Amino acid sequence: MNLRNKYEIPANAVITIAGTVGVGKSTMTNALAKALNFRTSFEKVDTNPYLDKFYADFDRWSFHLQVYFLAERFKEQKRIFEYGGGFIQDRSIYEDTGIFAKMHYEKGTMSQVDYQTYTSLFDAMVMTPYFPHPDLLIYLEGSLDDILSRIQERGRPMEQQTPISYWEEMHKRYEDWINSFNACPVLRLNINDYDIIQHENSVEPVIERISSFLQQTQLLKK
Ligand SMILES: Nc1ncnc2c1ncn2[C@@H]1O[C@H](COP(=O)(O)OP(=O)(O)O)[C@@H](O)[C@H]1O
Ligand SMILES: Nc1ncnc2c1ncn2[C@H]1C[C@H](O)[C@@H](COP(=O)(O)O)O1
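Residues numbered from 1 in each chain as written. Chains lettered and ligands numbered in written order. Predicted model: local features only at pLDDT ≥ 70, side-chain atom pairs only at ≥ 80, totals over all residues. Heavy atoms only, no water.

The local shell around ligand 2 holds 17 residues, among which Lys-25, Glu-43, Tyr-55, Gln-66 and Glu-159 are the closest. In the model, an oxygen atom of ligand 2 is placed 2.9 Å from a nitrogen or oxygen of the Arg-156 side chain. When ligand 2 is considered free in solution it has 470 Å² of accessible area, and contact with the protein chains removes 99% of it. Elements supplying a minimum of two residues to the shell around ligand 2: helix H3 (51–56), helix H4 (58–83) and helix H5 (94–106). Here the shell around ligand 2 gets 4 residues from one element, more than from any other, and that element is H4. (Near = heavy atom within 4 Å. Polar contact = N/O pair within 3.5 Å; in protein donor to acceptor, adjacent residues only side chain to side chain. Areas by Shrake-Rupley, 256 points an atom, 1.4 Å probe, with all protein chains shown as cover. Helix = DSSP H or I, 4+ residues; strand = E, 2+ residues; numbered from the N terminus.)

The structure is reproduced here in structure tokens:
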């Protein structure tokens, strides 16, 4: 029996994985999609035309990058909807505005007018009754030290060359952001509580938690 049937995860569920850079979202996306036989929706890093430029010059490229990410994620949202769900999504659309755009604006690397243009576009596209929110957001959390080691281990040069203060600021902001996030139900997972790299079957307890969480949220809706 496959794990989706065993744990009664609805075939049309949409689960998004959130958390700071390097925490393990893509790894978790692959593991859950494989175990549940779901499709995946990934951020495309290698083909992103702005990401390298952005890391080299935040002031110049932060607005371009946010508009690009918003367009890409919105198209992915449409694809998920057209398939009728059954997806694991690597990073939620909410983090673009709640973490990245806000941080760059508040740190002075995105101008006020660019930030206002971006947020009004985001609100018009996403914060509407027509936008299908995920059934569940899984928030991956871990210590800053663990996350810094993972960024180093993964080895994307643009991230390795970015000052640690950037990742520290982001780590702090994620904690505040998730504490007030309410666009959809949230399941928090600490990265020390599972090890899907060394032990592939350790994804099963995660699925068990997803299952009981989804059942509770369905009961609350009734
Ligand atoms: N459960 C885990 N245990 C150990 N290392 C992990 C785990 N999950 C991810 N990693 C490693 O951490 C790095 C970042 O993981 P990744 O999934 O790419 O993060 P994200 O998508 O959140 O940026 C990669 O080198 C990956 O192999
Ligand atoms: N909205 C964003 N603004 C700036 N940078 C972003 C945004 N979304 C993702 N990123 C960056 C962060 C990483 O360098 C890569 C991929 O993210 P990851 O957390 O490793 O999946 O894109």
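Having put the structure on the table, let's press on.
Next up on the list: the UniProt feature "domain: Deoxynucleoside kinase" (unreviewed entry) in the chain. Mapped onto this numbering, the UniProt entry annotates "domain: Deoxynucleoside kinase" (unreviewed entry) at residues 15–214. Spanning residues 15–214, this segment combines 57% helix with 11% strand, and its end C-alpha atoms are found 10 Å apart. (UniProt positions renumbered as here; feature names shortened; annotations may be inferred.)

This part takes up the packing of H4 against H5. Between H4 and H5, the least distance of the axes is 10 Å, while the angle of their chain directions is 165 degrees. The orientation of H4 with respect to H5, classified from their angle, is roughly antiparallel. Note on packing geometry: the crossing formed by H4 with H5 is left-handed. Of H5, the residues touching H4 (which contributes Phe-58, Ser-62, Gln-66, Phe-69 and Arg-73) are Asp-96, Phe-100, Ala-101 and His-104. In terms of residue class, the contact of H4 with H5 is made up of 4 nonpolar, 3 polar and 2 charged. (Axes fitted to C-alpha atoms, helices over the stretch in contact; angles between N-to-C directions. Parallel < 35°, antiparallel > 145°, perpendicular 65-115°, else oblique. Left-handed = near helix turned anticlockwise from the far one by under 90°. Contact = heavy atoms within 4.5 Å. Nonpolar A, V, L, I, M, F, W, Y, C, P; charged D, E, K, R; others polar.)

Turning next to the site of ligand 1. Residues in contact with ligand 1 amount to 15 residues; listed here are only the nearest, Gly-22, Lys-25, Ser-26, Thr-27 and Arg-154. Within the contact set of ligand 1, an oxygen atom lies 2.7 Å away from a side-chain nitrogen or oxygen of Ser-26. Interatomic distance of 3.2 Å between a side-chain N/O atom of Arg-150 and a nitrogen atom of ligand 1. Isolated, ligand 1 exposes 560 Å² of accessible area, and the fraction of that covered by the protein chains is 83%. Looking at the shell around ligand 1, the elements with two or more residues in it are helix H2 (25–36) and helix H7 (144–154). Each residue belonging to the shell around ligand 1 can be placed in one class, and the counts come to 5 nonpolar, 5 polar and 5 charged.

This part is about the packing of H5 against helix H6 (residues 112–125). At a minimum axis distance of 10 Å, the contact between H5 and H6 shows a crossing angle of 170 degrees. Comparing their axes, H6 and H5 come out roughly antiparallel. Contact with H5, carried on its side by Tyr-94, Asp-96, Thr-97, Ala-101, Lys-102 and Tyr-105, involves Gln-112, Tyr-115, Tyr-118, Thr-119 and Phe-122 of H6 and no other residues of that element. Each residue belonging to the contact of H5 with H6 can be placed in one class, and the counts come to 6 nonpolar, 3 polar and 2 charged.

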